[in-house]
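Letter by letter, the chains look like this.
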Amino acid sequence: MKVMTCPLNGPRNINEFVFGGEVTPLPDLQAPDQAWAEHTFYSYNGTGVVREWWFHSASGYWFVAERDRTTDQIIKTYDPSELAADIRTAMLDVDRKMFGVERKTEEVAP
Amino acid sequence: MPFALLKYGLNGDFPFEKDADLPPPVSLKKRYDVVIIGGGGHGVATAYYLAKYHGITNVAVLEKGYLGGGNTARNTAVIRSNYLTSDGVKFYSESVKLFQNLSNEFDFNIMYSKRGQLTLAHTDAAIRGFRQRTEVNKHFGGKTELIGPKEIKELVPTLNMNPGHQPVLAGLWHMDGATARHDAVAWGYAKGATQRGVELHQLTEVTDVVVENGKVTAVKAKQGSVDHIIECGVVVQAVAGHSSLLAEKAGFRLPITTYPLQAMVTQPVKPFLDPLVSSPAFHCYVQQTGRGELVFGGGSDPYPLYNSRSTLELKEELLAHAVELFPFMANLKLMRQWTGLTDMTSDYSPIMGESPVQNYYLDAGWGTWGFKATPICGKTMAELVATGKTPSLIKPFGAERFNDFRQVNEMGATAASH
């Protein structure tokens with residue numbers, strides 16, 4: 001049995017969890033269709049450690065896991081509020097470069 | 001007759017197929033008109049049709065392992081066209097037609113065996129879905145009908161019609177359903193392509209793609225410890241589970257997520273199961289091979305991974321469902337299990353056609369439905385490469401459909417829902 005540690009409920013059978021995609025910046029609501037298509041369909045889908053959304057279905061709780069996509073090793077799991085400040089900064093960078101949108105750090109939905 | 005056999009055995013022409021093998025390896029040239037990355041069924045089929053129909057033979061197929069050693073050898077060799085959308089049915093029906101004549105065309109037995117494929121409905125909602133698929137099939141070339149429990153019982157007498165809380169209510173009977181030897185398909189295409197002058201380079205891994213001014217000009221490849229730069233006019237990528245990794249080298253992302261897909265096979269038993277049987281509700285499909293083994297598979301793993309490890313969870317789930325459908329299978333021993341990497345798209349349709357890089361064509365997103373499309377994919381991709389125009393049959397499957405929100409939804413048509 002593969003075990004994942006839920007930040008809220010502790011170690012649980014991985015069958016209790018649902019994979020929810022990569023953690024990527026949410027485009028601005030006014031962003032063009034192209035930005036939403038990128039966000040919805042195009043993922044990094046590479047090897048190595050990837051930051052992912054996971055959902056504990058029994059308790060309805062979303063959290064973040066860092067997982068190695070080659071070895072299937074779960075490096076760490078944490079509550080979304082702990083998403084590092086640098087990730088939020090990186091999200092803002094993507095917003096600015098790709099979509100020309102300026103936002104403040106506190107406006108970024110992690 | 002015995003004398004004829006003896007004479008045949010002793011004469012100099014024995015064995016009959018002198019040219020059964022591929023030509024010996026040659027050195028890589030500096031330049032090819034077309035470089036195909038990936039020596040699986042799709043790659044060699046594209047090379048074959050380029051040479052056969054378009055006279056383009058300055059072609060190199062680069063394969064990092066060996067011919068047909070990736071997903072071509074890992075799929076469960078199901079051929080069918082009972083899809084849900086008109087685009088899907090038209091495309092896969094053409095593929096079934098090509099498959100039917102491949103042994104003759106190659107003069108090499110691909111062990112094509114038309115068995116029919118039966119998909120089971122356990123709910124009223126599933127029956128409604130089957131009705132729709134029957135009608136779409138009728139209009140676009142698939143031979144499919146909706147049948148009831150009595151006919152199912154006749155087709156598959158060993159099937160448990162009442163597995164617990166999910167009784168078998170109806171079936172989608174696809175008469176064109178078939179199976180073939182997947183390795184032989186790749187070998188047949190490779191043989192036909194190399195006889196026409198195409199070069200197949202095995203143990204040749206593409207390490208980088210050179211793009212200048214938005215146009216592909218060369219690929220970098222490694223043979224052992226030797227690096228090569230190969231100039232090329234056109235590149236086709238056909239690398240199944242590694243599509244996103246290669247596309248990244250060419251500088252773009254794909255609307256793909258890569259999941260492992262596990263399958264397994266039992267010890268051989270007497271022939272008892274003619275059609276290929278699948279149940280989307282049970283996430284399970286079963287078929288008996290010509291050797292008597294039962295091959296079965298199910299849905300992809302629940303989360304993405306670049307690893308062909310196997311898990312006990314998936315085996316337990318799959319076996320439990322298979323035993324519900326065929327209870328006596330509980331006495332069989334499992335012989336082997338394996339995993340392939342599947343590049344899943346969110347609409348369960350493939351990606352064929354142009355990419356953001358000029359002269360760089362995509363054959364990707366084949367998820368769990370790649371083998372059955374090998375001939376028609378090769379044929380249409382060859383036409384695209386030769387003419388630069390996307391054939392109408394594959395126009396709906398371009399990657400740009402994700403940018404325009406025009407997906408081709410085949411979610412309901414997978415043999416085992418994912």
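Residues numbered from 1 in each chain as written. Chains lettered and ligands numbered in written order. Predicted model: local features only at pLDDT ≥ 70, side-chain atom pairs only at ≥ 80, totals over all residues. Heavy atoms only, no water.

1. Thoughts on the packing of helix α2 (residues 41-54) of chain B against helix α7 (residues 182-195) of chain B
Axes are the key here: two packed helices are described by the angle between their axes and the distance separating the axes. Residue and element names in this part refer to chain B. Direction vectors running N to C along α2 and α7 enclose 30°, while the axes themselves pass 8 Å from each other. As α2 packs across α7, the resulting crossing turns out to be left-handed. Of the residues in α7, those in contact with Gly41, Val44, Ala45, Ala47, Tyr48 and Tyr49 of α2 are Ala186, Tyr189, Ala190, Gly192 and Ala193. Looking at the contact of α2 with α7 residue by residue, the classes come out as 9 nonpolar, 2 polar and no charged. (Axes fitted to C-alpha atoms, helices over the stretch in contact; angles between N-to-C directions. Helix = DSSP H or I, 4+ residues; strand = E, 2+ residues; numbered from the N terminus. Left-handed = near helix turned anticlockwise from the far one by under 90°. Contact = heavy atoms within 4.5 Å. Nonpolar A, V, L, I, M, F, W, Y, C, P; charged D, E, K, R; others polar.)

2. Here we look at the nonpolar core
Among the nonpolar cores identified, the biggest contains 66 residues, and Trp54(A), Phe91(B) and Tyr189(B) are the most heavily contacted of them. Counting residues per element, this core draws most heavily on helix α4 (residues 86-106) of chain B, at 8 residues. Residue contributions to this core reach at least three from each of two domains, namely domain 1 (26-75 + 183-255 + 347-413) and domain 3 (257-344) of chain B. Setting aside residues up to four positions removed in sequence, Trp54(A) forms contacts with Met4(A), Ile14(A), Phe17(A), Val18(A), Phe19(A), Gly20(A), Tyr61(A), Trp62(A), Phe63(A), Ala65(A), Arg67(A) and Tyr303(B). Counting residues in each nonpolar core, the second largest holds 31 residues, with Ala37(A), Leu28(B), Tyr32(B) and Tyr360(B) among its members. (Core = buried A, V, L, I, M, F, W, Y, C linked by side-chain atoms within 4.5 Å. Buried < 20%, exposed > 50% of the residue type's maximum accessible area, 1.4 Å probe, protein only. Domains from an automatic or database assignment.)

3. Regarding the sheet that holds strand β13 (residues 257-266) of chain B
Residues and elements named next belong to chain B. Judged by pairing direction, the sheet is mixed, and its 8 strands sit side by side in the order β6-β7-β5-β14-β15-β16-β13-β17 without closing on themselves. Single-partner strands in this sheet number two, and they are β6 (144-147) and β17 (334-344). Going from strand to strand, the sheet's axes swing by 20° on average, the running direction of each strand aside. As paired elements, β6 and strand β7 (residues 170-174) share 4 bridges and run antiparallel to each other. The residue of β7 that forms the bridge with Glu145 is Trp173. Of the strands in this sheet, β5 (117-121), β13, β14 (276-279), β15 (284-288), β16 (294-300) and β17 touch helix α9 (residues 312-325), which is tilted by about 125° from β16. (Pairing = 2+ DSSP bridges.)

4. Re the domain arrangement of chain B
Residues and elements named next belong to chain B. The domain boundaries assigned to chain B delineate domain 1 (26-75 + 183-255 + 347-413), domain 2 (117-175) and domain 3 (257-344). Its C-alpha centre places domain 2 at a distance of 20 Å from the equivalent point of domain 3. Taken residue by residue, the interface counts 13 residues in domain 2 and 15 residues in domain 3. Between domain 2 and domain 3, the buried area comes to about 1,200 Å², and carbon and sulfur atoms account for 67% of it. When the buried area of domain 2 at its contact with domain 3 is split by residue, Gln117, Leu120 and Thr158 rank highest and sum to 32% of it. Counting the contacts that link domain 2 with domain 3 gives 0 salt bridges. Taken together, the links from domain 2 to domain 3 amount to 6 residue pairs in polar contact (both at pLDDT 80 or more). By residue class, the composition of the side of domain 2 that touches domain 3 is 7 nonpolar, 6 polar and no charged. (Buried area = accessible area lost by both parts, 1.4 Å probe. Salt bridge = Lys/Arg side-chain N within 4 Å of Asp/Glu carboxyl O. Polar contact = N/O pair within 3.5 Å; in protein donor to acceptor, adjacent residues only side chain to side chain.)

5. With respect to the interface of chain B and chain A
Residue-level contacts link 24 residues of chain B with 23 residues of chain A. When the buried surface of chain B facing chain A is broken down by residue, Arg253(B), Tyr303(B) and Tyr306(B) rank first, second and third, together holding 31% of it. Our enumeration of links across chain B and chain A arrives at 1 salt bridge. For Arg309(B), the salt bridge is made with Asp72(A), and the minimal N-O distance between the two is 3.5 Å. At the surface where chain B touches chain A, the tally comes to 11 residue pairs in polar contact (both at pLDDT 80 or more). Sorting the residues of the side of chain B that touches chain A by element identifies α8 (243-250) and β13 of chain B as the ones contributing at least two each. Across the side of chain B that touches chain A, the residue classes tally to 13 nonpolar, 7 polar and 4 charged.

6. A closer look at the sheet that holds strand β5 (residues 61-68) of chain A
Where strands meet in a sheet, backbone hydrogen bonds hold them as pairs that are either parallel or antiparallel. Residue and element names in this part refer to chain A. Sheet architecture is open: 4 strands sit in the order β3-β4-β5-β6, paired in antiparallel fashion. Strand pairing shows two members of the sheet lacking a second neighbour, β3 (17-22) and β6 (74-78), which therefore form its edges. On average, adjacent strands in this sheet sit at an angle of 30° to one another, irrespective of strand direction. When strand β4 (residues 49-56) meets β5, the two strands line up antiparallel, connected through 8 bridges. Note that in β5 the partner of Trp53 across the bridge is Val64.

7. A look at the pairing of strand β1 (residues 3-6) of chain A
Residue and element names in this part refer to chain A. Because side chains alternate across β1, one face comprises the buried residues Met4 and Cys6, and the other comprises Val3 and Thr5, none of which is buried. One ladder, built from 4 bridges, connects β1 with strand β2 (residues 10-13); its direction is antiparallel. Looking at the pairing, Met4 lines up with Arg12 of β2. A loop of 3 residues connects β1 with β2, the two strands running antiparallel in sequence.

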